[in-house]
Amino acid sequence: MQFDQQRRNAFKLPALGLAAGAMASVSVASSVSGAKAQAEPGGLLRTILDRGHLTVGTGSTNAPWHFEDTSGKLVGMDIAMARILSQALFDDPEKVEYVREDPASRIPNILAGKVDVVIQFMLTTGARAQQIAFSRPYYVEGVALLTSASSDVKTFEQLKSGGSGISVSVLQNADADDLVHQALPEATSVQLDTQANVIQALDAGRVSAACVDLSTVRWLVARNPDRYLDSGHSYQTQLYGAGVRQEETEWLQFINTVFTVAIHGHNNAIYDAAFKEYFGQTPPARVPGFPTI
């Protein structure tokens with residue numbers, strides 16, 4: 001009988017659970033102070049909270065990831081991820097000190113402790129994971145084919161049907177020809193020395209398409225829909241994650257939690273706005289129930 005009474009009482013709890021859940025999401029400020037009290041003494045998370053701001057290594061010259069707006073302020077998808085962390089830490093997305101660095105300095109600056117975290121379109125690889133720890137991915141990059149709105153050849157189907165008559169510009173490297181031929185086996189690969197020249201070749205009509213990152217395609221199409229088109233084919237998925245020192249497990253867990261909530265949970269305002277602004281797309285709706293994470 002006592003067990004039956006406990007079961008009946010248990011069925012009365014969902015409403016209380018809903019109220020408690022709502023209360024838990026009301027005050028971010030109180031959770032920040034709670035995090036400060038619970039953070040491991042001597043750990044990086046506690047150091048950041050006591051310092052009062054986050055130090056992030058990033059770049060400043062690669063749209064749509066990290067670049068300066070007309071006022072000189074750093075913006076981009078990487079910057080949005082830093083702001084998401086700052087919001088979770090301090091209930092303020094602006095408490096970030098940015099350390100501008102070139103890509104070659106990303107891992108050295110992490111290892112030297114010059115930054116708390118690097119958020120700089122860093123591709124997650126096994127070789128890099130031997131030196132640093134990566135967060136969960138915050139973007140799935142890929143290769144895509146950019147076409148010209150003024151060309152007769154606009155879609156991937158048209159590029160495929162063009163066979164050997166199709167030429168594609170691509171950034172010069174050892175794997176450039178293979179990268180083009182994975183999508184268009186008969187096309188002619190035109191290797192060029194800079195990304196700007198890869199796109200300029202398309203602008204000048206010297207090639208049928210430009211083989212570039214999917215994020216670049218989305219950025220250019222969102223900014224110039226009358227000039228560029230997404231051919232509709234992307235491939236070679238690659239994961240972008242934030243990087244930290246391997247020993248900072250508590251800090252890494254915090255980052256992973258914050259990123260997961262921003263991407264898949266309820267604190268998604270900054271992430272969604274940035275995804276729309278820089279890639280021209282609205283993230284899929286978060287559906288309650290099964291956790292598709």
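Conventions used here
Residues numbered from 1 in each chain as written. Predicted model: local features only at pLDDT ≥ 70, side-chain atom pairs only at ≥ 80, totals over all residues. Heavy atoms only, no water. Helix = DSSP H or I, 4+ residues; strand = E, 2+ residues; numbered from the N terminus. Buried < 20%, exposed > 50% of the residue type's maximum accessible area, 1.4 Å probe, protein only. Contact = heavy atoms within 4.5 Å. Areas by Shrake-Rupley, 256 points an atom, 1.4 Å probe, with all protein chains shown as cover. Salt bridge = Lys/Arg side-chain N within 4 Å of Asp/Glu carboxyl O. Expected span 1.5 Å × (residues − 1). Arc of directions from axis to C-beta. Pairing = 2+ DSSP bridges. Axes fitted to C-alpha atoms, helices over the stretch in contact; angles between N-to-C directions. Phe/Tyr/Trp six-rings, centres within 6.5 Å; stacked < 30°, edge-to-face > 60°.

1. Focus: the overall build of the protein
Counting secondary structure elements, the protein contains 13 helices and 13 strands. Every one of the 293 residues in the protein was classed for burial, and the buried ones make up 40%. For the protein, the share of sequence-separated contacts (at least 6 apart) that also reach a separation of at least 24 residues comes to 66%. For the protein, the exposed surface amounts to about 15,200 Å²; the carbon and sulfur share of it is 54%.

2. Brief notes about the pattern of salt bridges
Applying the stated rule across the entire model yields nine salt bridges. Among the salt bridges present, the one from E68 reaches R100, with a minimum N-O distance of 2.5 Å. Of this pair, E68 sits in strand β3 (residues 66-68) while R100 sits in strand β5 (residues 96-100), and the two are 32 residues apart along the sequence. It is possible to trace a salt-bridge network through shared partners that takes in R245, E247 and E248.

3. Section: helix α12 (residues 249-264)
The terminal C-alpha atoms of α12, which comprises 16 residues, lie 22 Å apart, in line with the 22 Å expected from a rise of 1.5 Å per residue. Residues of α12 that are buried include every one of W251, L252, F254, I255, V258, F259, A262 and I263, and no others. Relative to the axis of α12, the buried residues are bounded by an arc of 160° and lie together on one face. Turned more than 90 degrees off the buried face of α12, the exposed positions are T249 and Q253.

4. Details of unusual backbone geometry
A cis amide bond links A63 with the next residue in sequence, P64, at an omega value of 5°. Secondary-structure assignment places P64 in the loop between β2 (61-62) and β3. Unlike most non-glycine residues, Q236 shows phi in positive territory, near 55°. Mapped onto the elements, Q236 comes out in strand β12 (residues 228-240).

5. A word on the sheet that holds β12
In a beta sheet, neighbouring strands are held together by backbone hydrogen bonds and run either parallel or antiparallel to one another. Strands sit in the order β10-β9-β11-β8-β12 across an open sheet of five strands; the sheet is mixed. Sheet topology places β10 (188-192) and β12 at the edges, where each strand pairs with a single neighbour. Pairs of neighbouring strands in the sheet enclose a mean axial angle of 25°, with direction left out of account. Bridge count for strand β9 (residues 167-171) against β10 is five bridges, and the pairing is parallel. The residue bridging S167 from the neighbouring strand is T188, located in β10. Lying on the sheet, helix α9 (residues 176-183) is in contact with β8 (139-148), β9, β10, β11 (209-213) and β12; it crosses β12 at an angle near 120°. Against the sheet, helix α10 (residues 195-203) engages β8, β9, β10, β11 and β12, with an angle of about 150° to β11.

6. Here we look at the environment of F259
As for its position among the elements, F259 is in helix α12. Counting along the chain gives 175 residues from F259 to I84, while the straight-line C-alpha distance between them is 7.7 Å. Filtering out sequence-adjacent residues up to four positions away, F259 remains in contact with M81, L85, I119, S135, R136, Y138 and A242.

7. Side note on the packing of aromatic side chains
Under the definition given, this model contains 15 aromatic pairs. Their ring planes at 80° and their centres at 5.1 Å tell us that W65 and Y240 sit as a pair that is edge-to-face. One end of the pair, W65, is in the loop between β2 and β3; the other, Y240, is in strand β12, and 175 residues separate them in sequence. Y240 carries the same exposure label as W65, and that label is buried. Its relative accessible area of 2% is what places W65 among the buried residues. These aromatic residues form a ring-pair network of at least three members: W65, F121, Y138, Y139, Y240, F259, Y271, F275 and F279.

These figures capture arrangement, not role.
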